[in-house]
Amino acid sequence: MSQHDRYASPLAERYASQAMLELWSPRMRHGLWRRLWLALAEAEQELGLPIPDDALAQMRAHLDDIDFAAVAAFERRFRHDVMAHVHAFGEVAPAARPYIHLGATSAFVTDNADLILMRRALELLRGKVLRVLRALAAFAREWRAEPTLGYTHLQPAQPTTVGKRATLWMQDLVLDLADLDHRIATLPCRGVKGTTGTQASFLTLFDGDHAKVRELDRLVSSRIGFAASIPVSGQTYSRKLDAQVLSVAAGVAASAAKFSADIRMLQAFGEIEEPFETEQIGSSAMAYKRNPMRSERIASLARFVFSLEENANQTHAVQFFERTLDDSANRRLAIPESFLATDAILVLMENVASGLEVHPARIRRRLDDELPFMATEELIVREVRAGGDRQEAHERIRGHSIAAARAIKDGAPKNDFLERLAADPGTGASLEELQALIDPMRFVGRAPEQVDEFLAEVVEPLFAATPEEPAAREEVRV
């Protein structure tokens, strides 16, 4: 069969980055298995088991030259993937053959490797979150003082600035970054726990010496780069760890989905648009269309990631007693694909954030339609200070504002609310005086200053702690 005759995951074919694909590749996973077997044998020798030096030397010499054809042949015979790799490793390291996997159960390599991969995947996501933050920081700085309509309940509200709105997207990512850092710092390995987590096989190997078994667990954990192993386990580590890790991925996806939803609406308003290549086609039928396809893809992939977080909790809930095997096939799909999809989301998000197109004239036109209404409260206060009745002022201003809003909906070319008020003898103010009240900058509060403070006090310290990587941006398929 050619590549065109079999199904291939879109995450691998179209969306995820090369780095994330390589991380979850068979070569990486099974190379880790061999390193885990080496770490176990080295620690067992250090603690007194008679494992020859040449056995360890042969293992070190064959960590990456995996013969996958030989592995496949062994698996057809044994119907067991871990034992297939044990035999394939033993063929190229014959002196080590009697000692590979000594005292261990399959979960020693599968679980520890999964935790290593998840931690590395979290680190890859962390780097991409920082790249998105850098792109959004530049955008926020450039547009810090550009007034734009704010929205509550998806209805026009008090103005903010384009840059301030970008800091809301950034704030979500900063919170995600804290979650990523926490999981990276605290994720334990499974360590050396044995068949049902009791370490009985290792206690037998070391003639009942509990101290040596505990030290074996510590040595192996240290050799594979973890400060600690999970204190107790069944045959596998608690699948709650998977749920916690996938929750972090889902949190990143949720932040990106919120960003993408805002961009899609702003593009519908004509205020801000995502990048669009010169020869890009928005619609096969409607030649004029410029659709927010990348933002839509972010939303689409995010829903997939959300479903996998729930999946992980469901898997954890049915791991009866010391473990059941109904987690295995599920986790082979759910864990890598959660990271591949979140990775793809961040590649897209960086691309969109780096190329956002702002249309100030359209933004101002929409502001002009709504700003006169923003001044109604100040107009009421103004009349009361001049000796007027608050309730009468409220009723008169309400009547003019409703009439002006109706006129706009019925096709009026502009908002004439202020003209209506100026013509009302009860207002006591000229049109020029009223227009002076609706300068957009009078309504944005501290938005520009908040942008400056957020960048200086929150975001720049994050950048300083993690220098920008020179890696080229990932290609985005539209």
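The model shown is predicted, which means the values in this text are computed figures rather than measured ones.

Caption draft 1: The overall build of the protein, seen in detail. Helices and strands together make up the secondary structure of the protein, namely 19 helices and 4 strands. The C-alpha radius of gyration computed for the protein amounts to 31 Å, which surpasses the reference 23 Å derived for 478 residues by more than 25%, pointing to a less compact arrangement than a globule. Principal axes of the C-alpha set define a box for the protein whose edges measure 105 × 50 × 40 Å. Within the span of the protein, comprising 478 residues, buried residues form 49% of the whole. Taking all contacts inside the protein whose residues are at least 6 apart in sequence as the whole, residues at least 24 apart take part in 76%. As displayed, the protein offers around 23300 Å² of accessible surface, 52% of which is attributable to carbon and sulfur atoms. One way to put it: in the protein the 57 positive side-chain charges average out to a point 2 Å from where the 69 negative ones average out.

Caption draft 2: Examining the side chain of Gln-319 more closely. Among the secondary structure elements, Gln-319 is positioned in the loop between helix H12 (293-317) and helix H13 (328-354). For Gln-319, a relative accessible area of 14% corresponds to the buried category. Among the polar contacts made by the side chain of Gln-319, one reaches the side chain of Asp-326 at a distance of 3.0 Å.

Caption draft 3: Expanded view of helix H4 (residues 53-61). When we look at burial in H4, the residues that qualify are Ala-55, Leu-56 and Met-59. For H4, the angular spread of buried residues about the axis comes to 95°, placing them on one side. Pointing more than 90 degrees away from the buried face of H4 are the exposed residues Asp-53 and Ala-61. Those residues of H4 that are buried lie in contact with helix H3 (26-46) and helix H6 (81-92).

Caption draft 4: Fine view of helix H11 (residues 240-269). In a regular helix each residue adds 1.5 Å, so 30 residues correspond to 44 Å; H11 covers 43 Å between its end C-alpha atoms and thus fits that length. Just downstream of H11, Gly-270 is the residue with a positive phi angle, here 85°.

Caption draft 5: How the structure looks around the nonpolar core. In this structure, Trp-24, Trp-37, Met-59 and Phe-339 are the most contacted members of the largest nonpolar core, which totals 111 residues. By residue number, the principal contributor to this core is helix H7 (residues 106-142), which donates 19 residues. Core analysis: the second largest hydrophobic core is formed by 16 residues, Leu-149, Ile-397, Ala-429 and Ile-438 among them.

Caption draft 6: Just the environment of Gln-155, in detail. Structurally, the position occupied by Gln-155 is in strand S2 (residues 155-161). Spatially, the C-alpha atoms of Gln-155 and Ala-447 are 19 Å apart, while their sequence positions differ by 292 residues.

Caption draft 7: Geometry of the layout of surface pockets. Estimated volume of the largest pocket: approximately 890 Å³. Lining the largest pocket are 33 residues, and of these Arg-29, Trp-33, Asp-81, Ser-328 and Arg-332 sit closest to its centre. For the lining of the largest pocket, the secondary-structure elements that each account for two or more residues are helix H2 (18-23), H3, H6, H7 and H13. No other element matches H13, which puts 8 residues into the lining of the largest pocket. When the residues that make up the lining of the largest pocket are grouped by side-chain class, the tally is 13 nonpolar, 10 polar and 10 charged. Within this model, the second largest pocket holds a volume of roughly 410 Å³. Lining the second largest pocket are 20 residues, and of these Gly-150, Tyr-151, Thr-160, Arg-165 and Leu-168 sit closest to its centre. Secondary-structure elements contributing two or more residues to the lining of the second largest pocket are strand S1 (147-152), S2, helix H8 (162-186), H11 and helix H19 (447-465).

Caption draft 8: Up close: the packing of aromatic side chains. Applying the stated criterion across every chain, the model contains 7 aromatic pairs. Aromatic pair Trp-33 and Trp-37: ring centres 6.3 Å apart, planes at 75°, arrangement edge-to-face. Of this pair, Trp-33 and Trp-37 both sit in helix H3, separated by 4 residues, roughly a single helical turn. Each member of the pair, Trp-33 together with Trp-37, is buried.

The rules we used
- Residues numbered from 1 in each chain as written.
- Predicted model: local features only at pLDDT ≥ 70, side-chain atom pairs only at ≥ 80, totals over all residues.
- Heavy atoms only, no water.
- Helix = DSSP H or I, 4+ residues; strand = E, 2+ residues; numbered from the N terminus.
- Rg over C-alpha atoms; globule rule 2.2 N^0.38 Å.
- Buried < 20%, exposed > 50% of the residue type's maximum accessible area, 1.4 Å probe, protein only.
- Contact = heavy atoms within 4.5 Å.
- Areas by Shrake-Rupley, 256 points an atom, 1.4 Å probe, with all protein chains shown as cover.
- Lys, Arg positive; Asp, Glu negative; His and termini not counted.
- Charge placed at Lys NZ, Arg CZ, Asp CG, Glu CD.
- Polar contact = N/O pair within 3.5 Å; in protein donor to acceptor, adjacent residues only side chain to side chain.
- Arc of directions from axis to C-beta.
- Expected span 1.5 Å × (residues − 1).
- Core = buried A, V, L, I, M, F, W, Y, C linked by side-chain atoms within 4.5 Å.
- 1 Å grid on protein atoms, 1.4 Å probe; cavity = no way out; pocket = protein on both sides within 12 Å on 5 of 7 lines; lining within 4 Å.
- Points joined across faces, edges and corners; volume = space filled by probe spheres on them.
- Nonpolar A, V, L, I, M, F, W, Y, C, P; charged D, E, K, R; others polar.
- Phe/Tyr/Trp six-rings, centres within 6.5 Å; stacked < 30°, edge-to-face > 60°.

All we've got here are geometric facts, nothing functional implied.
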